[in-house]
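Summary of the model geometry
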Amino acid sequence: MENQKDRGSFSKIGFILAAAGSSIGLGNLWKFPYLTGQNGGGVFVVIYLIIIATIGFTCMLGEMAIGKYTKLNPIGAYKKIASKWKFVGVLGILVPFMIVTYYNIIGGWVLKYIVESVMGHLPGIAGDSENFFTSYVSSGGAPIFFTLLFVIINAIIIQAGVSSGIERASKVLMPTLFALLIVIAIRSVTLPGAGAGLEFYLKPDFSKLTLGTVTAALGQCFFSLSLGMGAMITYGSYLPDSSNIEKDSIVVPLLDTCAALLAGFAILPAVFAFGFEPSAGPGLIFITLPAVFDSMPLGSLWAVIFFILVLFAAITSSVSLIENPTSWLIDSYDMDRKKATWLVCFIAFLIAIPEALSMGIWSGITFPPMAMNFFDEVSYIAESILMPAAGFFMCIVIGHVWGMDNFEKAVTNNGEFPFKSKGFVSVMIKYIAPFAILCIWLNSSGILGLFMK
Ligand code: TRP
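Computed from a prediction, not measured in an experiment: that's the story for all the values here.

Taken as a whole, the largest pocket holds about 440 Å³ of empty space. Lys-31, Leu-35, Tyr-380, Glu-383 and Ser-384 are, among the 22 residues lining the largest pocket, the residues nearest its centre. Breaking the lining of the largest pocket down by element, the ones donating at least two residues are helix 3 (26–38), helix 12 (211–224), helix 18 (374–402) and helix 20 (422–444). Here the second largest pocket defines a volume of roughly 270 Å³. Taken together, 14 residues form the lining of the second largest pocket, with Phe-133, Val-137, Ala-280, Pro-282 and Gly-283 sitting closest to its centre.

Laid out in C-alpha cells, this is it:
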C-alpha cells in the first residue's frame, strides 16, 4: 500500500507509548479526580474500574483491530469493513474535533499555572486558590491567549509527523510523569487530615450510587481511554501486522488507570486536608495542587516540573485528537500534513473562543438542546452523547456486520497469535457492551427521562 508509506508507521513499543500517551492526559489528571469528587468518591472508583475492565478493554481491542486491519482513518476504515456504517467513522472525525476545541482551553489553564509557578506566585495563589482560579477562567482575554499558545505548540509538534513527533516525546515524559505523581501522592496522603480524603476515595458508599454515577463513569471510560471516536483506529492504522493488539489493549488501559488512580491519590486526600469542596468540579486540581505544593519544601520548583509534565501529557493527548481530523484531510483530500494540521488547529481555536467566554461574560447564554452554556453544551454532547453512541455502533458493526471471524483474523494476524479472551470479548462486543452503553446513553441523552415522567 503506497498510501501507508506517506502516513508513517509505529514501532511496537512506540505504539504502546503513543497509545498510552493519547489516553493518559487531562482525562486522568484533571477530570478523573474531579469526577470522583462529584460522584460520591469510592463508589465512582469501583464502577469506573468495572467499566474499564469490561467495556473499556473490549472497545479498545475493537478499535485497534479495525485500525490495524484497514490501515485507514476512521471514515475510510468503516467504509472498508461495513460500507453502510460509514457514519460511525464520521463521528470519529467530528467528536475528537469537538473535544479538541475545549481540551485546548484546559491545556491553556495548565500553561497559565506553569507561568505563575515560574514567576514564584504559587504561595500567593495557594492562600486564595479558589478565587484565583475562578476569576482567572472567567477573565476572557488571558485564557484565550493561553489557549492559542497551547494550540500553536500542538500544531508544531503534530506537523512533524507521527513517529518523530509523538513517539519521541512519549518515551521520556510518561515515565517521569508517573514518578512525579507518586511523589505528590505521598505528600498528599501524609498531610494532616488526609485520612478523611482517603476514606472518601477508597471506601465505596453504595448508598451514593445513582444512574448518574454510572453515566459519568462510562463517559469517563471512553474519554480517558480515547475511545469511541476512532483515535485508536487511527493509531492502530499505523501498526505493523505483526503486533499483538490483545496484549496492547490490556497494557494501555492498565497504564491509563494507574495514572488516574495516582492522580486521585495526589488530589483527594489533599482536598480534605485543606478543607476544599470535593465536588468543586473542573477547577479541583487547579485549586488543590497549589496548596499541596506550597506545603512541600521547594514547592514552586515541584509545581513548575509537575505542570510541565501535565502539559506534555495533555499535548500527547491533544495531538491524538487533532490527528484524527488531520489524517482524514490527508487521506481524503490529499492535503499535505502541514496544511491539514494548521487548518484543523485554526478552526478549533476559533471555536474555543466562545467556549472560553462562556465561562465568563457569556456564561448566561445557553443553547438548545441541553440548555447549557456553550462550553458545557459542546462537552456534554461530545462526551455523554456522541462518544457512547460511537462505541455502541462500533460494537454492533464488529459483532454483527464485520463479524467475529474477521475480527479474530485481525486480532490474531491470521492465526499468528492466540486470542485468549475470545469468548469474553465476543459476548461483550455482541451483546453486553452495546446493551449497557445503550441504557446509559438513553439516560444521559435525556430520552429515558421522557419516559419516566
Ligand atoms: N484520553 C485523553 C485524556 O484522557 C483525551 C483524548 C485524547 C481522547 N484523544 C482522545 C478522548 C480521543 C477521546 C478520543 O485526556
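This next bit is on the pattern of salt bridges. For the structure on display, the rule yields six salt bridges. We note a salt bridge from Asp-241 to Lys-71, for which the minimum N-O separation is 2.8 Å. Placement of Asp-241 in the loop between helix 13 (231–236) and helix 14 (245–273) and of Lys-71 in the loop between helix 4 (42–70) and helix 5 (74–81) is noted, with a sequence separation of 170 residues between them. Put simply, Glu-199 and Lys-203 hold a salt bridge, and the shortest N to O gap is 3.7 Å. Note on Glu-199: relative accessible area 46%, which makes it partly exposed.

Right, let's get into the site of the ligand. The environment of the ligand is made up of 15 residues, and the closest members are Gly-27, Tyr-103, Phe-223, Met-229 and Ser-320. Ser-22 has a polar backbone atom sitting 3.3 Å from a nitrogen atom of the ligand. One of the side-chain N or O atoms of Tyr-103 is found 2.5 Å from an oxygen atom in the ligand. Alone, the ligand offers 350 Å² of accessible surface; in the complex the protein occludes 100% of this. Secondary-structure elements contributing two or more residues to the shell around the ligand are helix 2 (12–23), helix 3, helix 12 and helix 16 (299–333). Taken together, the residues of the shell around the ligand break down into six nonpolar, nine polar and no charged.

To continue, consider helix 15 (residues 284–294). Among the 11 residues in helix 15, 10 count as buried, and that is most of the element. Inspection of helix 15 places Leu-284, Ile-285, Phe-286, Ile-287, Thr-288, Leu-289, Pro-290, Ala-291, Val-292 and Phe-293 among the buried residues, and these make up the whole buried set.

Turning next to the side chain of Thr-101. For Thr-101, the location among the structural elements is in helix 6 (residues 86–118). Taking the relative accessible area as the measure of exposure, Thr-101 reaches 1% and is therefore buried. There is a polar contact of 2.8 Å between the side chain of Thr-101 and the side chain of Glu-355. Apart from the residues within four sequence positions on either side, Thr-101 is in contact with Ala-348, Ile-351, Ala-352, Glu-355 and Val-378.

It is worth spelling out the packing of helix 18 against helix 19 (residues 404–412) at this point. One way to put it is that helix 18 packs onto helix 19 with a least axis distance of 6 Å and a crossing angle of 110 degrees. With respect to helix 19, the element helix 18 is oriented roughly perpendicular. Of the residues in helix 19, those touching helix 18 at Ile-398, Gly-399 and Trp-402 are Met-404, Asn-406, Phe-407 and Ala-410. Looking at the contact of helix 18 with helix 19, its residues break down into five nonpolar, two polar and no charged.

Tallying each qualifying case throughout the model produces four cavities of 30 Å³ or more. Space inside the largest cavity adds up to approximately 130 Å³. Among the residues forming the lining of the largest cavity, the class breakdown is nine nonpolar, seven polar and no charged. Approximately 60 Å³ is the volume attributed to the second largest cavity.

This next bit is on the confidence of the model for the chain. Predicted confidence across the chain gives a mean pLDDT of 89, with 95% of residues reaching 70 or more. Every residue in residues 1–5 scores below 50 in pLDDT, and together they form four contacts with partners more than four places removed in sequence or on other chains.

Turning to unusual backbone geometry, a few remarks are in order. For Lys-71, which is not glycine, the phi torsion reads 55 degrees and is therefore positive. The phi torsion at Asp-334 lies on the positive side, around 60 degrees, for a residue other than glycine. Within the secondary structure, Asp-334 sits in the loop between helix 16 and helix 17 (337–357).

Each aromatic ring pair is specified by the distance between its two centres and by the angle formed by the two planes. Overall, the coordinates contain 29 aromatic pairs when judged by the stated rule. Centre to centre, the rings of Phe-32 and Phe-44 are 6.1 Å apart; their planes meet at 45 degrees, and the pair counts as tilted. Within this pair, whereas Phe-32 is found in helix 3, its partner Phe-44 is found in helix 4, the two being separated by 12 residues in sequence. You can call Phe-44 buried: its relative accessible area is 0%. Put simply, the rings of Trp-109, Tyr-113, Phe-132, Phe-133, Phe-286, Phe-293, Phe-306 and Phe-307 pair up and form one aromatic cluster. A cation sits over an aromatic face here: Lys-31 above Phe-223, 4.6 Å from the ring centre. Sitting over the face of the ring of Tyr-69, Lys-80 holds its NZ or CZ atom 5.6 Å from the ring centroid.

This part covers helix 6. Taking 1.5 Å of rise per residue, 33 residues should cover 48 Å, and helix 6 covers 48 Å from first to last C-alpha, within 8% of that figure. Of all bends in helix 6, the biggest is about 30 degrees, found at Thr-101. Backbone geometry just downstream of helix 6 places Gly-120 in the positive-phi region, at approximately 75 degrees.

Attention now moves to the nonpolar core. Counting 149 residues, the largest nonpolar core has Ile-99 and Phe-407 as its most contacted members. Not counting the four nearest positions on each side in its chain, Ile-99 is found in contact with Phe-223, Met-229, Leu-321, Ala-382, Glu-383 and Met-387.

In this section: a nonpolar patch on the surface. On the surface, a nonpolar cluster with roughly 320 Å² of combined accessible area is contributed by Leu-148, Ile-152, Ile-156 and Trp-342. Take the nonpolar patch: its biggest share by element is three residues, from helix 9 (residues 141–159). Residue placement: Ile-152 occurs in helix 9.

Calculation criteria
- Residues numbered from 1 in each chain as written.
- Predicted model: local features only at pLDDT ≥ 70, side-chain atom pairs only at ≥ 80, totals over all residues.
- Heavy atoms only, no water.
- 1 Å grid on protein atoms, 1.4 Å probe; cavity = no way out; pocket = protein on both sides within 12 Å on 5 of 7 lines; lining within 4 Å.
- Points joined across faces, edges and corners; volume = space filled by probe spheres on them.
- Helix = DSSP H or I, 4+ residues; strand = E, 2+ residues; numbered from the N terminus.
- Salt bridge = Lys/Arg side-chain N within 4 Å of Asp/Glu carboxyl O.
- Buried < 20%, exposed > 50% of the residue type's maximum accessible area, 1.4 Å probe, protein only.
- Near = heavy atom within 4 Å.
- Polar contact = N/O pair within 3.5 Å; in protein donor to acceptor, adjacent residues only side chain to side chain.
- Areas by Shrake-Rupley, 256 points an atom, 1.4 Å probe, with all protein chains shown as cover.
- Nonpolar A, V, L, I, M, F, W, Y, C, P; charged D, E, K, R; others polar.
- Contact = heavy atoms within 4.5 Å.
- Axes fitted to C-alpha atoms, helices over the stretch in contact; angles between N-to-C directions.
- Parallel < 35°, antiparallel > 145°, perpendicular 65-115°, else oblique.
- pLDDT = per-residue confidence, 0-100.
- Phe/Tyr/Trp six-rings, centres within 6.5 Å; stacked < 30°, edge-to-face > 60°.
- Lys NZ or Arg CZ within 6 Å of the ring centre and 35° of its normal.
- Expected span 1.5 Å × (residues − 1).
- Bend = angle between axes of the 7 residues up to and from the residue.
- Core = buried A, V, L, I, M, F, W, Y, C linked by side-chain atoms within 4.5 Å.
- Patch = residues over 30% accessible without salt bridge, like charges linked within 9 Å, V, L, I, M, F, W, Y side chains within 5 Å.

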